[in-house]
Amino acid sequence: MIISQKLDEIPVKLTLVPNVAAVYTHGLVENIEESGKLTQVTASQATGTREIDYELVQLAQRGDKRAFGMLVEKYQRKLSRLLSRMIRDQAEIEDVVQESFIKAYRALPNFRGDSAFYTWLYRIGINTAKNYLVSAGRRPSVSTDIEIEDAENFEDGNELRTMDTPETALMTKQIAQTVNDAVVSLPDELRTAITLREIEGLSYEEIATIMQCPIGTVRSRIFRARETIALKLRPLLDTPEHKRW
Amino acid sequence: MMNEKVSALADGEIEGQEATNELALMLSDKAAMQAWRDYQRIGDAMRGSANLNDAFTARLMLAIEQEPTVLAPNAMPRTLHSTSAKETAVEKNHTVQKIQDRLPAVWSIAASCAAVLMVGWVLLNQQLQDFSSGQSVQVAARAVQQADPTKLVTSPAEAPAVPLEYLAAHHVSAPSVGSYYIQAASYSE
């Protein structure tokens, strides 16, 4: 995994999150590194993320499609990853992801906020994938009984067996390499902060406790880390202005 | 530092009214929207999510643009906060004032309910006492008199001794108003 070798520099225990198969101590982190897996922890920050999603959904329900676009940006790759358990071909995954988002957009008036948006979206995605497979006369390649809660606790991408197109495979590799190189070259405090946030899924408050600094400092470090990585990533992704939405 | 707020929004670390305000600003800021896209992509790349190429995202957004605009402003319950701090304060004051204006009416309603309950309780107790003291005999006497006006019953002693079981069994078919009292006083299990 990209950043896992740096986790042993964190000399504190991370708390157990119920129903998530991850108990972190200094020693156990090393064991996880050896196994090549790193399970993402569902953290208390989920509440804040959920509220942001609700805000965006409400804006979209009032007619602002840009708000829905922000949700697309946030969840398209996660949804793609989820559906890759059911569909092998990358092109077909893209078709199903697109159809799922369009269905979700049309069904926005039916979203009442009883569940998290991503849970609702993922259910639409799974149903869309099932219908797609049935209409194509195929059975899903793996069990479709994917617990929605697991969608946030995916193991790393090494276990994916999608049939990428050469273009997407190359782009994925380049992006991963660029991000990896950028993260490794970050100053220690920035690297630690961004790792605890993106890989461990910890809240700012939890990171502040671990790094023994104010929450504002955590926020600043994560922002600076992202900006540094983005500067190196943008030339790779730079698309002409007229092709951006 | 708009992008720093975008970063915090992406992590769900801005809440309430501030989140609403910042999201509204972000939607009209191209640089902020680009930052949002970049930060989401960075997080997904760090977690090993496969990339969906930019052409895919552009196609998807074009398809969304071509969809009829969804308008369902009341689909979700309102959030706890208003669209602006000022509106929040005004709303709160308005709500407090409404509650204060309704207080006299509330007290009046409560007093009326209490009075009704008290009267009902007194009547019920009275009926129960009547039943236990045998005054159902007087009721029976009245019923008999109404059935046959020629018969004058002047005192409880003169009232025929009508078994209560008889009264209970026949109260349904009793033709007079007296049956109301019989029903209320004598029927018990």
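All chains use their own residue numbering, which begins from 1 and follows the written sequence. Naming scheme: in the order in which they are written, chains are lettered from A and ligands are numbered from 1. This being a predicted model, a pLDDT of at least 70 is required before a residue's local features are given, and a value of 80 or more before pairs of side-chain atoms are given or counted; all residues contribute to the totals for chains, interfaces and linings. Hydrogens are left out, water is left out, and the side-chain values use all remaining heavy atoms of the structure.

(A) Up close: the interface of chain A and chain B. Whether two residues touch is decided by their heavy atoms; if any such pair falls within 4.5 Å, the residues are in contact. On the side of chain B, 65 residues touch chain A, which itself brings 79 residues to the contact. Together chain A and chain B conceal approximately 6,800 Å² of surface at their shared face, both sides included; 60% is due to carbon and sulfur atoms. We define a salt bridge as a contact between a side-chain nitrogen of Lys or Arg and a carboxyl oxygen of Asp or Glu at a distance within 4 Å. The shortest N-O distance in the salt bridge between Asp11(B) and Arg197(A) comes to 2.7 Å. Each polar contact in these results corresponds to two N or O atoms within 3.5 Å; when the atoms are within protein, one needs to be able to donate a hydrogen and the other to accept it, and residues that are neighboring in sequence are counted only if both atoms are side-chain atoms. Here chain A is connected to chain B by 25 residue pairs in polar contact (both at pLDDT 80 or more). The term buried area refers to how much accessible surface (probe radius 1.4 Å) is lost by two components on association, counted for both of them together.

(B) Representation of the packing of helix α3 (residues 65–83) of chain A against helix α5 (residues 117–135) of chain A within the structure. All names here are of chain A. Axis definition: a line fitted to C-alpha atoms, limited for helices to the stretch in contact. Angles are taken between N-to-C directions and run from 0 to 180 degrees. To qualify as a helix, a DSSP run of H or I must reach at least 4 residues; to qualify as a strand, a run of E must reach at least 2; elements of each kind are numbered from the N terminus. Between α3 and α5, whose axes approach to 10 Å, the crossing angle comes to 50°. Here α3 is positioned oblique relative to α5, judged by the angle of their axes. Here α3 and α5 pass one another in a crossing that is right-handed. Within the contact between the two elements, α3 uses Phe68, Leu71, Tyr75, Lys78, Leu79, Leu82 and Leu83 and α5 uses Phe117, Tyr118, Leu121, Tyr122, Gly125, Ile126 and Ala129. Asp, Glu, Lys and Arg are counted as charged, while Ala, Val, Leu, Ile, Met, Phe, Trp, Tyr, Cys and Pro are counted as nonpolar; the rest, among them Gly, fall into the polar class. Of the residues in the contact of α3 with α5, the class split is 12 nonpolar, one polar and one charged. For classification, angles of less than 35 degrees are called roughly parallel, those exceeding 145 degrees roughly antiparallel, those between 65 and 115 degrees roughly perpendicular, and all remaining angles oblique. The sense of a crossing depends on the near helix, which, turned anticlockwise from the far helix by less than a right angle, makes the crossing left-handed and, turned clockwise, makes it right-handed.

(C) Region of the structure containing the packing of aromatic side chains. All names here are of chain A. Stacked, tilted and edge-to-face pairs are distinguished by plane angle, under 30 degrees for stacked and over 60 for edge-to-face with tilted covering the rest, among Phe, Tyr and Trp rings (Trp via its six-membered ring) whose centres lie within 6.5 Å. For the structure shown, the criterion picks out 10 aromatic pairs over all chains. For the pair Tyr54 and Phe111, a centre-to-centre distance of 6.1 Å together with 55° between the ring planes defines the contact as tilted. With Tyr54 in helix α2 (residues 46–61) and Phe111 in the loop between α4 (90–106) and α5, the pair connects residues that are 57 residues apart, well separated along the chain. Phe111 carries the same exposure label as Tyr54, and that label is buried. With 5.1 Å between their ring centres and 65° between their planes, Phe68 and Tyr105 make a pair best called edge-to-face. Note that Phe68 is positioned in helix α3 and Tyr105 in helix α4, a separation of 37 residues in sequence. For Phe68, a relative accessible area of 0% corresponds to the buried category. Here the aromatic cluster, defined as three or more aromatic residues joined through ring pairs, consists of Tyr54, Tyr75, Phe111, Phe117, Tyr118, Trp120 and Tyr122. Partly exposed describes any residue whose relative accessible area lies between the buried limit of under 20% and the exposed limit of over 50%, with all areas from a 1.4 Å probe on protein chains only and scaled to the type maximum.

(D) Geometry of the nonpolar core. The definition of a nonpolar core used throughout is a set of buried Ala, Val, Leu, Ile, Met, Phe, Trp, Tyr and Cys residues joined through side-chain atoms within 4.5 Å. Phe68(A), Phe101(A), Phe117(A) and Trp36(B) are the most contacted members of the largest nonpolar core, which has 85 residues in total. Residue contributions to this core peak at nine residues, all from α3(A). The residues touching Phe68(A), leaving out its near neighbours within four places in the chain, are Ala60(A), Phe101(A), Ala104(A), Tyr105(A), Leu108(A), Phe117(A) and Ile64(B).

(E) Inspection of the pattern of salt bridges at higher detail. On inspection of all chains with the given rule, the structure shows 17 salt bridges over all chains. Across the pair Arg226(A) and Glu198(A) runs a salt bridge, and its minimum N-O distance is 2.8 Å. Within this pair, whereas Arg226(A) is found in helix α9 (residues 215–237), its partner Glu198(A) is found in helix α7 (residues 188–198), the two being separated by 28 residues in sequence. The exposure class assigned to Arg226(A) is buried, which follows from its relative accessible area of 1%. The residue Arg47(B) makes a salt bridge to Glu198(A) at a minimum N-O spacing of 2.7 Å. Of this pair, Arg47(B) sits in the loop between α3 (30–46) and α4 (54–66) while Glu198(A) is found in helix α7, placing the two residues in two different chains. Judged by its relative accessible area of 5%, Glu198(A) is buried. Linked by salt bridges that have partners in common, Glu73(A), Arg77(A), Lys78(A), Arg197(A), Glu198(A), Arg226(A), Asp11(B), Asp44(B) and Arg47(B) make up one network.

(F) Summary view of helix α6 (residues 166–184) of chain A. Here the expected span of a helix is defined as 1.5 Å times the quantity of residues minus one. With 19 residues, α6(A) extends 27 Å from end C-alpha to end C-alpha; this agrees with the ideal 27 Å at 1.5 Å per step. Among the residues of α6(A), those classed as buried are Thr168(A), Ile175(A), Thr178(A), Val179(A), Asn180(A), Ala182(A) and Val183(A). Those residues of α6(A) hidden inside the fold are in contact with α4, α7 and α9 of chain A together with α3 of chain B.

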